[in-house]
Amino acid sequence: MRSILEIGGRRLPFLRWSVLRMAFGARKLTRDWQVGDGREEALAEYVVANARQGDAEDVVRVIDEFCMRRSVMINVGDEKGEILDRAVRRASPRLLLELGTYCGYSALRMAQVMPAGARVCSIEFSPENAAIARRIWDHAGIGDELAVIVGTLGDGGSTIDRLREEHGFGERPVDFVFVDHDKAAYLPDLERILQEGWLHPGSIVVADNVRFPGAPEYRAYLKAREGETWRTIEHDTHVEYQSLLKDLVLESEYIGQPD
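Residues numbered from 1 in each chain as written. Predicted model: local features only at pLDDT ≥ 70, side-chain atom pairs only at ≥ 80, totals over all residues. Heavy atoms only, no water.

J.: Can you help me understand unusual backbone geometry in this one?
T.: Peptide bonds are mostly trans, and most non-glycine residues show a negative phi. Pro-213 follows Phe-212 through a cis peptide bond whose omega is 0°. Mapped onto the fold, Pro-213 is located in helix H11 (residues 210–214). Phi is positive for Ser-92, close to 45°, though the residue is something other than glycine. Mapped onto the fold, Ser-92 is located in the loop between helix H6 (77–91) and strand E3 (95–99). (Helix = DSSP H or I, 4+ residues; strand = E, 2+ residues; numbered from the N terminus.)

J.: Help me out: how do you make sense of helix H8 (residues 127–140) in this one?
T.: Helical geometry: 3.6 residues make up each α-helical turn, so side chains three or four residues apart lie on a common side. Compared with the 20 Å implied by 1.5 Å per residue over 14 residues, the 20 Å span of H8 between its first and last C-alpha is a close match. Among the residues of H8, Asn-129, Ala-130, Ile-132, Ala-133, Ile-136, Trp-137, His-139 and Ala-140 are the ones counted as buried. Contacts from the buried residues of H8 go to helix H4 (39–50), helix H5 (56–69), helix H7 (105–113), strand E4 (119–124) and strand E5 (146–150). In the segment just after H8, Gly-141 is the residue with positive phi, at about 85°. (Expected span 1.5 Å × (residues − 1). Buried < 20%, exposed > 50% of the residue type's maximum accessible area, 1.4 Å probe, protein only. Contact = heavy atoms within 4.5 Å.)

J.: Any chance you could explain the sheet that holds strand E6 (residues 176–179) here in plain terms?
T.: Strand pairing in a sheet is mediated by backbone hydrogen bonds. Such pairs are either parallel or antiparallel. Taken in spatial order, the seven strands line up as E5-E4-E3-E6-E7-E9-E8 in an open sheet, and their pairing is mixed. Each end of this open sheet is capped by a strand with a single partner; those strands are E5 and strand E8 (230–238). If you compare each strand with its neighbour and ignore which way they point, the axes differ by 15° on average. Inspection of the sheet shows E3 paired to E4 by five bridges, in the parallel sense. Each bridged residue has a counterpart across the sheet, and for Leu-95 the counterpart in E4 is Arg-119. (Pairing = 2+ DSSP bridges. Axes fitted to C-alpha atoms, helices over the stretch in contact; angles between N-to-C directions.)

J.: Any chance you could explain the packing of H4 against H5 here in plain terms?
T.: Geometrically, a packed helix pair is captured by the angle between its two axes and the distance between the axes. Between H4 and H5, the least distance of the axes is 10 Å, while the angle of their chain directions is 135°. Relative to H5, H4 is oriented oblique. Crossing of H4 against H5: the hand is right-handed. In contact with Arg-39, Ala-42, Leu-43, Tyr-46, Val-47 and Asn-50 of H4, H5 contributes Asp-58, Val-59, Arg-61, Val-62, Ile-63, Glu-65 and Phe-66. Its residues assigned to classes, the contact of H4 with H5 comprises eight nonpolar, one polar and four charged. (Parallel < 35°, antiparallel > 145°, perpendicular 65-115°, else oblique. Left-handed = near helix turned anticlockwise from the far one by under 90°. Nonpolar A, V, L, I, M, F, W, Y, C, P; charged D, E, K, R; others polar.)

J.: How should I be thinking about the environment of Asp-175 in this particular structure?
T.: Summarising the element assignment, Asp-175 is placed in the loop between helix H9 (158–167) and E6. With 23 residues separating them in the primary sequence, Asp-175 and Trp-198 have C-alpha atoms 8.6 Å apart. Beyond its immediate stretch of four places on either side in the chain, Asp-175 contacts Pro-93, Arg-94, Leu-95, His-200, Ser-203 and Ile-204. A polar side-chain atom of Asp-175 sits 2.8 Å from a polar atom in the side chain of His-200. (Polar contact = N/O pair within 3.5 Å; in protein donor to acceptor, adjacent residues only side chain to side chain.)

J.: What exactly am I supposed to notice about the pattern of salt bridges here?
T.: Proximity of charged atoms lets side chains of opposite charge pair with each other. Tallying each qualifying case throughout the model produces 19 salt bridges. In this structure, Arg-52 engages Asp-58 in a salt bridge whose closest nitrogen and oxygen atoms are separated by 3.6 Å. Taking relative accessible area as the criterion, Asp-58 reaches 5% and is therefore assigned buried. Across the pair Glu-166 and Arg-162 runs a salt bridge, and its minimum N-O distance is 3.3 Å. Of this pair, Glu-166 and Arg-162 both sit in helix H9, four residues apart, which is roughly one turn of the helix. Through salt bridges that share partners, Arg-52, Asp-55, Asp-58, Arg-61 and Glu-65 make up one connected network. (Salt bridge = Lys/Arg side-chain N within 4 Å of Asp/Glu carboxyl O.)

J.: Is there a simple way to think about the pairing of E5 in this case?
T.: Along a regular strand, successive side chains alternate from one face of the sheet to the other. Burial analysis of E5 places four of its five residues in the buried class, which makes it a mostly covered element. Direction of pairing for E4 relative to E5: parallel, over a ladder of five bridges. Bridging from a neighbouring strand, Ser-122 pairs with Val-148 of E5. Regarding topology, H8 serves as the crossover connection from E4 to the parallel E5, and that connection is right-handed. (Right-handed = clockwise from strand over helix to strand, strands pointing away.)

J.: What am I meant to see in the packing of aromatic side chains here?
T.: Working definition: an aromatic ring pair is given by the centre-to-centre distance plus the angle between the planes. Following the criterion strictly, the structure yields four aromatic pairs and no others. Geometrically, the ring pair formed by Tyr-46 and Phe-66 is tilted, given 5.3 Å between the ring centres and 55° between the ring planes. Within this pair, whereas Tyr-46 is found in helix H4, its partner Phe-66 is found in helix H5, the two being separated by 20 residues in sequence. Look at Tyr-186 and Tyr-218: their rings are 5.6 Å apart centre to centre, the planes differ by 80°, and that puts the pair in the edge-to-face class. With Tyr-186 in helix H10 (residues 186–196) and Tyr-218 in helix H12 (residues 216–224), the pair connects residues that are 32 residues apart, well separated along the chain. (Phe/Tyr/Trp six-rings, centres within 6.5 Å; stacked < 30°, edge-to-face > 60°.)

Structure (structure tokens):
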């Protein structure tokens, strides 16, 4: 199998049935944030069966193994995950916000490298995905540092209210945001975060999949404000678990509103 999926040092997951099933289920994926073939639940079962309980690093390894050898998933993946890891280490955040939990992989990566006592609040549209993430986090032994809230920032205020009332948003600043949900919501949700006043000069916002599937309005917004309210690094990388399709991860530091 390795010789088929990796040729000449390049990852070729397009040769796998799981990729074709994902393509056929694209409409369901963008509506329900599950592929529709049970791979998300299968991932949780695989983690519990194969990863050492209480070992977050091993859980990440097993998730990557599942995604490379069994079913491709839409988490940030190992290559882009290292970009995320480095950004979290540089920011040394105390309060982190994630938009798009999926199965909990990226939150798990952030929890491994954030300072002791820090907390990640992750927003997830799908209740089923949220339950899978909790199960994986509990197996990794770091569920106390992670919270998943079912909802969206664009749901009329109920999720924002929960973040304020239950998780202290507004009382303390958000130091780090990871954006990896509905690509059309990247810019509107960033504007909602700014409107709430949650960021401070030095807060970091990292966004995945800016080239593929693409978030052109989000990218254009940051380019237009480069050096004024934001400083952005564009990381050239690849779409999850392959090395053919190019992608961009944007790492943006909030400077603050001009005087």
